[in-house]
Amino acid sequence: MSTAILTGQPVPGSSIEGDLRSLGFDVRIAADAADAETLLAQVPGDQRVAVVDARFVGHAHALRLGLTDPRFPLAAVPGAVTAQPAGRQALTRAVARENSAGGGTVVAVDSLADRIVTSLDDDGADVHRPELGSLVAEVPADPQARNEARQAVAAVDDEAVRLKSAVKSRDGFFTTFCISPYSRYIARWCARRGLTPNQVTTASLLTALIAAGCAATGTRGGFIAAGVLLLASFVLDCTDGQLARYSLQYSTLGAWLDATFDRAKEYAYYAGLALGAARGGDDVWALALGAMVLQTCRHVVDFSFNEANHDATANTSPTAALSDKLDSVGWTVWVRRMIVLPIGERWAMIALLTAATTPRITFYALLIGCAFAATYTTAGRVLRSLTRKARRTDRAAQALADLADSGPLAEGLVTLLRKLPAHPPFSSRAFLVLPAAAMVVGAAALAPYGSALPVALAVLYVLTSAAAVALPLKGALDWLVPPFFRAAEYCTVLILAAKAEVNGALPAAFGLVAAVAYHHYDTVYRIRGNAGAPPAWLVRAVGGHEGRTLLVTVLAAALSAAQFKVALTVLAVAVALVVLVESIRFWVSSGAPAVHDEGEPA
């Protein structure tokens, strides 16, 4: 139970006590600042506590935004301030200071809650202040101001604002115009029946898995059902986030589920399409794996670029200025959002093509669309990087190093390289990685199965990948290093499995890439949540990108095609078990961050 300390003299006809109780607060009355300090000390340290002025006038949703959001240790709106356990010490100090300064009394024309917030600011505490928009939150100084504030409250529909704010502020065209107009009402329906975002997220996953199962039947009826269910899964996928924003139910477990289930749903559906095509005599596993590789590499480009530049200083460029200018023209905003093929447009395309055509056509369209989107976004980001005069921070360089996923082989070589008198003279490490990555993938593609050439070039790839991360990744294009690593590893696995030309090799490769991709997505969302990279032992245990790439080339050279298939299967299971167990342990632990993704659609 959370506790709200209501300060000052109660106002006749005020609904503040009822509003606070409706938000889950146990309300206690403090006559003055000394009483507030005493009551604060009585609240257990593991509970949320709020200090609210009894004269507060405003919308209940303004209080909800200011006092119940679990993501912020300290938060405030005019006339109210709250602290979670992590912010209790700062709040206690501020209340004690105000009590001493005011002689234990609450000044009639002043708000103790607002003075506490000022004191917190003076201490350098990070106090979150939510955007209220048209919502009212104020402490009137006299009866006339109170009447005016009440009229302002009556003039704005609190529930309409709450519903509108439940929708992500930046989303794709399909989601904005075809899903959100009604999914927000589904979110409200779920909230009123006590359903949680995690339950809706799980329902979305189960619906997508059933859709994949329908696609795996290989029948026209199955394909139509799969398309319908995939769209239903996407509606639920939008609903879970809107429910979280509507009821402010952000959680550590919810962050993990929301971050990973989208990819699990999409890639499971790819597998279902491939199985369905196989039932009809068409082998599209290479296309399914190619689509997963392309989509994952697209995401890594997004993640790397954003992490490299989100806190860069002097972060300006003519390209960015042009982009901002285009965003001022309404229709260009939607065109630019659609051509990057975000999740809404992508899933709608997949669902419609599944129902109307064949898995092969679906994958061809998906590959073409994603390739165009990847080219467009990557080219724009390269231009921004070359034309801006940004100075990359140490935190950004560390984030890129974590995203690189370098294993024990690279670590050992980095230690040796740092002892050399001179480091490789490259202003950008991306130019060091690209040739080696291209060579190992090219060797896998051109050499016959069982050749030792991919092994030799994989050794060169290990050396160059170590040299690339030997110095901080602060070059203009160094955010491309992790995507190059991902492309080299995934494409090598795909090509060698296709070269084996044995039944089951490509599905085994699909499983291996899926397990490794999960590890890379998990790394991204830990960094986004300011929780740091996965533990070093985990990266070492799964070999790092360079170790896995070298191992797969060695297995392909040393084993027969049938044995290679078995080896890929064993490796996929081993990697999946290790990364899943550690990921689940982390995300369900109390130390994981309560975050919610509000970024661009993926």
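Along every chain, residues carry numbers that run from 1 in the direction the sequence is written. Restriction of local features to residues with pLDDT of at least 70 applies here, the model being predicted, together with a cutoff of 80 or more for giving and counting side-chain atom pairs; totals for whole chains, interfaces and linings are based on all residues. Working from all heavy atoms in the structure, the side-chain values ignore hydrogens and water.

### Points about the pattern of salt bridges
What counts here: We define a salt bridge as a side-chain nitrogen of Lys or Arg found within 4 Å of a carboxyl oxygen belonging to Asp or Glu. Accessible area is worked out with a 1.4 Å probe on protein chains only. A residue is then buried under 20% of its type maximum, exposed over 50%, and partly exposed in between. Each helix corresponds to a stretch of at least 4 residues labelled H or I by DSSP, and each strand to a stretch of at least 2 residues labelled E; elements are numbered beginning at the N terminus.
The final tally for this structure, using the stated rule, is 23 salt bridges. Residue arginine 55 is joined to aspartate 53 by a salt bridge in which the shortest nitrogen-to-oxygen separation is 3.0 Å. Each member of the pair arginine 55 and aspartate 53 is classed as buried. Arginine 395 is paired through a salt bridge with glutamate 307; the nearest N and O atoms lie 3.2 Å apart. Here glutamate 307 lies in helix α12 (residues 285–309) and arginine 395 lies in helix α17 (residues 394–404), a separation of 88 residues in the sequence. Taking the relative accessible area as the measure of exposure, glutamate 307 reaches 11% and is therefore buried. What emerges from the salt-bridge pattern is a single network uniting Asp522, Arg526, Glu582 and Arg585.

### Overview of the pairing of strand β1 (residues 2–7)
Each regular strand displays side chains that alternate between the two surfaces of the sheet. Threshold: At least two bridges found by DSSP between two strands is the condition for calling them paired. Look down the strands so they point away from you; if the path from the first strand over the helix to the second goes clockwise, the crossover is right-handed.
With respect to burial, β1 is a largely interior element, six of its six residues being buried. The alternating pattern of β1 places Ser2, Ala4 and Leu6 on one face and Thr3, Ile5 and Thr7 on the opposite face, and all of these are buried. Pairing analysis gives six bridges linking β1 to strand β2 (residues 25–30), with the strands arranged parallel. By the bridge assignment for β2, leucine 6 is matched with isoleucine 29. In the classification by handedness, the crossover that spans β1, the intervening helix α1 (residues 16–22) and the parallel β2 is right-handed. Pairing between β1 and strand β3 (residues 49–53): five bridges, direction parallel. Considered in β3, the bridge of isoleucine 5 is made with valine 51.

### Looking at the confidence of the model for the chain
Put simply, the rule reads: Within a predicted model, pLDDT stands for the predictor's per-residue confidence, ranging from 0 to 100. Note on contacts: a residue pair qualifies if any of its non-hydrogen atoms lie within 4.5 Å across the two residues.
Here the chain averages 90 in pLDDT, while 92% of its residues score no lower than 70. A low-confidence stretch, residues 104–108 (pLDDT under 50), is modelled with 13 contacts involving residues beyond four sequence positions or located in other chains.

### Examining the packing of α17 against helix α21 (residues 481–500)
For any two helices packed against each other, one specifies the crossing angle of their axes together with the interaxial distance. Which entries qualify depends on this criterion: What counts as an axis is a line fitted to C-alpha atoms, over the stretch in contact for a helix, and the angles between N-to-C directions run from 0 to 180 degrees. These descriptions rest on fixed angle ranges, namely under 35 degrees for roughly parallel, over 145 for roughly antiparallel, 65 to 115 for roughly perpendicular, and the rest for oblique. Under the scheme applied here, ten amino acids are nonpolar (Ala, Val, Leu, Ile, Met, Phe, Trp, Tyr, Cys and Pro), four are charged (Asp, Glu, Lys and Arg), and all others, including Gly, are polar.
As a packed pair, α17 and α21 sit with axes 8 Å apart at the nearest point and diverge in direction by 5°. Taken as axis vectors, α17 and α21 run roughly parallel relative to one another. Between α17, through Leu400, Leu403 and Ala404, and α21, the contact on the second element is made entirely by Pro482, Phe485 and Arg486. In terms of residue class, the contact of α17 with α21 is built from five nonpolar, no polar and one charged.

### Remarks on the packing of aromatic side chains
Rules: Aromatic contacts are taken between Phe, Tyr and Trp rings whose centres are within 6.5 Å, Trp giving its six-membered ring; a plane angle under 30 degrees counts as stacked, one over 60 as edge-to-face, and the others as tilted.
Under the defined criterion, the tally for this structure stands at 14 aromatic pairs. Ring plane angle 35° and centroid distance 6.3 Å describe the contact between phenylalanine 174 and phenylalanine 234, whose orientation is recorded as tilted. Here the residue phenylalanine 174 occupies a position in helix α8 (residues 173–192), and phenylalanine 234 occupies one in helix α10 (residues 220–247), the gap between them amounting to 60 residues. Of the two residues, phenylalanine 174 and phenylalanine 234, neither departs from the other in class, the shared state being buried.

### Side note on a nonpolar patch on the surface
Rule in force here: Like-charged residues within 9 Å of one another, or nonpolar side chains (Val, Leu, Ile, Met, Phe, Trp, Tyr) within 5 Å, are grouped into patches, provided each residue has over 30% relative accessible area and no salt bridge. For accessible areas, the Shrake-Rupley method is used with a probe of radius 1.4 Å. Any residue's cover is judged against the shown protein chains and nothing else.
A surface patch of nonpolar side chains, amounting to about 290 Å² of accessible area, comprises Leu253, Leu580, Ile584 and Val588. Position of leucine 580 relative to the elements: it lies in helix α25 (residues 561–587). Judged by its relative accessible area of 36%, leucine 580 falls in the partly exposed class.

### Details of the sheet that holds β3
Across the sheet, five strands lie side by side as β2-β1-β3-β6-β5; this open sheet has mixed pairing. In this open sheet, the two strands that pair with only one neighbour each are β2 and β5 (74–77). Strand-to-strand twist in this sheet, taken as the mean axis angle between neighbours without regard to direction, amounts to 20°. Where helix α2 (residues 33–42) meets the sheet, it contacts β1, β2 and β3, and its direction lies at approximately 145° from that of β2. Against the sheet, helix α3 (residues 60–67) contacts β2, β3, β5 and β6 (80–83), and its axis sits at roughly 35° relative to β6.

### Quick look at the nonpolar core
Worth spelling out the cut-off: We call a set of buried Ala, Val, Leu, Ile, Met, Phe, Trp, Tyr and Cys residues a nonpolar core when their side-chain atoms join them within 4.5 Å.
Grouped together as the largest cluster of nonpolar side chains are 120 residues, with contacts concentrated most on Tyr270, Leu289, Phe363 and Leu512. With 15 residues, helix α22 (residues 505–528) is the largest single contributor of residues to this core. Not counting the four nearest positions on each side in its chain, phenylalanine 363 is found in contact with Tyr270, Leu273, Ala274, Val284, Leu287, Ala288 and Ala291.

### With respect to α10
In plain terms, the rule: In this scheme, a helix's expected span is set at 1.5 Å multiplied by one less than its residue total.
With 28 residues, α10 should cover 40 Å at 1.5 Å per step; its first-to-last C-alpha distance of 41 Å lies within 8% of that length. Phi turns positive, to about 55°, at leucine 248, one or two residues after α10.

### Thoughts on the environment of isoleucine 5
With respect to the secondary-structure elements, isoleucine 5 resides in strand β1. Each C-alpha atom, one on isoleucine 5 and one on aspartate 53, is 8.4 Å from the other, the two residues being 48 residues apart in sequence. Residues contacting isoleucine 5, with those up to four places away along its chain left out, are Arg28, Ala30, Ala36, Leu39, Leu40, Val49, Ala50, Val51 and Val52.

### What about the packing of α21 against helix α24 (residues 544–558)?
Where we set the bar: Put simply, a crossing is left-handed when the front helix is turned counterclockwise from the back one by less than a right angle, and right-handed when it is turned clockwise.
In contact at an axis separation of 10 Å, α21 and α24 are set at 15° when each is read in the N-to-C sense. In terms of orientation, α21 and α24 fall into the roughly parallel class. In the crossing of α21 with α24, the sense of the turn from one axis to the other is left-handed. Residues Phe485, Arg486, Glu489, Thr492, Val493 and Leu496 of α21 lie in contact with α24, whose contacting residues are His545, Arg548, Thr549, Val552, Thr553 and Ala556. Split into classes, the residues belonging to the contact of α21 with α24 amount to five nonpolar, four polar and three charged.

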